[in-house]
Each structure stands twice: as C-alpha cells, then as structure tokens.
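Chains, contacts and geometry: an overview
So you can see what is in the structure, the chains are spelled out below.
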Amino acid sequence: MHRGVRWVIAVAGVGISLSLAALLRQRLVPEPRAPLASAPTLDAGVTDAGSMPIEDPEDPRTLEPSRLGSVHVRTLDSWGLLPEPGITVALVSEGRPRRLHPEQLKTDAHGMATFAKVRAGLFTVCAKGPRHVETCRMNLELSAESSYTVGLSMMENPTAAGR
C-alpha cells in the first residue's frame, strides 16, 4: 500500500475513534445540572428549551430596593388543600441570560417560602420535594417594589410513593 493511503486511513481511524468516544461519553455521563432550575418543566412535564441558567453576578440581595420585589411561594398537596412543608424552592429570571436566584429555600410548616429580594421582571419558580416531582410555573411577572404570591400543587412521584 502506498504511504499516503496508509496515512489517510490512520487519520480517519483516529477521527472515528474520537467521535465514538465522545458519543459514548455523552450518553453515559449526564450533563451537570444546576439544582432544580436547570431545565424548568411545565406542570404537564414539557421541558423548557431555553438557555441554561447561570449564577447572577449582580446579586439581587445587594440591588437598590426600587429594582426589587418579593415572591411568596406556597406549596400544597396535589388536591391544593393541605400545605406541603420541606419542599425546596428556586427562582430563575427569564431575562437573557437566564439567572438563577442565589438562594434556594425550603418551605416551612405552612408550606411557605419567601424570597424577600427578587429582581423585577419575568421569572420562573420551581419546587421539588423528596417524594414529589418537580413542579414549575413559568413567565410570571414581578413589578419593582411589589410582591407576587405563587401557589404550586405538588404531585407525588409514583416511584417514591411505595418507599
């Protein structure tokens, strides 16, 4: 065989090997996700195809009060009657780039969590519990110097119900 042909075959083999290794790694190792808010889902389980949230370099806890509002989240059982305590709640701003609020809170005994300083604008709130599937409410609008109350009905995870 001619030297040039062997070299082309060798380069092609290396390229194919690297491509297969990258494909296998992508399938075997899931992408790292930010807690709760990495891929917000609608209540029906549809994944939001927007960009991944990033940490906010301009911490809302240090912004002027005239640019902030507060968000109160109440988590309830699937019937919407009883409070669900101990649920982790996160906020993601819907601006570009998307920003993950620096705090994640747990709901209290009354199923309440309050984010006292939230940047005004569109946001998504997501909640997830140890026995619950993640529930999100998207495209909520918060005005500066106002408050917004969100109620989320938590659905039990069918695989966790028997534990």
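This text follows the structure it describes.
These figures come from a predicted structure and were not determined experimentally.

What about the overall build of the protein?
For the protein, the count of helices and strands is 1 helix and 9 strands. By the burial criterion, 32% of the 163 residues in the protein qualify as buried. Restricting the contact set of the protein to residue pairs at least 6 apart, pairs at least 24 apart contribute 64%. By element, 59% of the accessible surface of the protein is carried by carbon and sulfur atoms, the whole surface being about 10300 Å².

Some remarks on the environment of Gly-69
Examined against the element boundaries, Gly-69 turns out to sit in strand β2 (residues 68-76). The class of Gly-69 is buried, set by a relative accessible area of 5%. Separated by 76 residues in sequence, Gly-69 and Glu-145 place their C-alpha atoms 4.7 Å apart. Once you skip the residues sitting within four places of it in the chain, Gly-69 turns out to touch Phe-115, Ala-116, Lys-117, Val-118, Leu-142, Ser-143, Glu-145 and Ser-146.

A look at a nonpolar patch on the surface
On the surface, a cluster of nonpolar side chains totalling about 330 Å² of accessible area is made up of Trp-7, Val-8 and Val-11. We classify Trp-7 as exposed; its relative accessible area is 59%.

Looking at the packing of aromatic side chains
Counted under the stated rule, the structure contains 1 aromatic pair. Ring centres of Phe-123 and Tyr-148 lie 5.8 Å apart, and the angle between their planes is 85°; on these two criteria the pair is classed as edge-to-face. Within this pair, whereas Phe-123 is found in strand β7 (residues 121-128), its partner Tyr-148 is found in strand β9 (residues 147-153), the two being separated by 25 residues in sequence. A residue is classified by how much of its surface remains accessible, and Tyr-148, at 26% relative accessible area, is partly exposed.

Considerations on the nonpolar core
Among the nonpolar cores identified, the biggest contains 16 residues, and Val-71 and Val-125 are the most heavily contacted of them. Of all the secondary-structure elements, those providing two or more residues to this core are β2, β3 (88-93), β6 (112-119), β7, β8 (135-142) and β9. Those residues in contact with Val-71 that sit more than four places away from it in its chain are Leu-91, Ala-113, Thr-114, Phe-115, Val-118, Phe-123, Leu-142, Tyr-148 and Val-150.

Thoughts on the sheet that holds β9
Within the open sheet, the 3 strands sit side by side as β6-β2-β9. Their pairing is mixed. Edge positions in the open sheet fall to β6 and β9, since each of these has one partner strand only. Within this sheet the neighbouring strands show an average axis-to-axis angle of 20°, counted without direction. Note that β2 and β9 share 7 bridges and pair parallel. Pairing of Arg-74 across the sheet is with Gly-151, part of β9.

Looking at the state of the cysteines
As used in these notes, a disulfide is a covalent bond between sulfur atoms, one from each of two cysteines. Tallied over the entire structure, the rule returns 1 disulfide. In this model Cys-126 forms its disulfide with Cys-136; the gap between the sulfur atoms is 2.1 Å. The S-S bond linking Cys-126 to Cys-136 shows a torsion near 115°; that makes this disulfide right-handed. In this pair, Cys-126 is assigned in strand β7 and Cys-136 in strand β8, connecting sequence segments 10 residues apart. In this pair, the class of Cys-126 matches that of Cys-136, namely buried.

So, how was this worked out
Residues numbered from 1 in each chain as written. Predicted model: local features only at pLDDT ≥ 70, side-chain atom pairs only at ≥ 80, totals over all residues. Heavy atoms only, no water. Helix = DSSP H or I, 4+ residues; strand = E, 2+ residues; numbered from the N terminus. Buried < 20%, exposed > 50% of the residue type's maximum accessible area, 1.4 Å probe, protein only. Contact = heavy atoms within 4.5 Å. Areas by Shrake-Rupley, 256 points an atom, 1.4 Å probe, with all protein chains shown as cover. Patch = residues over 30% accessible without salt bridge, like charges linked within 9 Å, V, L, I, M, F, W, Y side chains within 5 Å. Salt bridge = Lys/Arg side-chain N within 4 Å of Asp/Glu carboxyl O. Phe/Tyr/Trp six-rings, centres within 6.5 Å; stacked < 30°, edge-to-face > 60°. Core = buried A, V, L, I, M, F, W, Y, C linked by side-chain atoms within 4.5 Å. Pairing = 2+ DSSP bridges. Axes fitted to C-alpha atoms, helices over the stretch in contact; angles between N-to-C directions. Disulfide = S-S within 2.5 Å.

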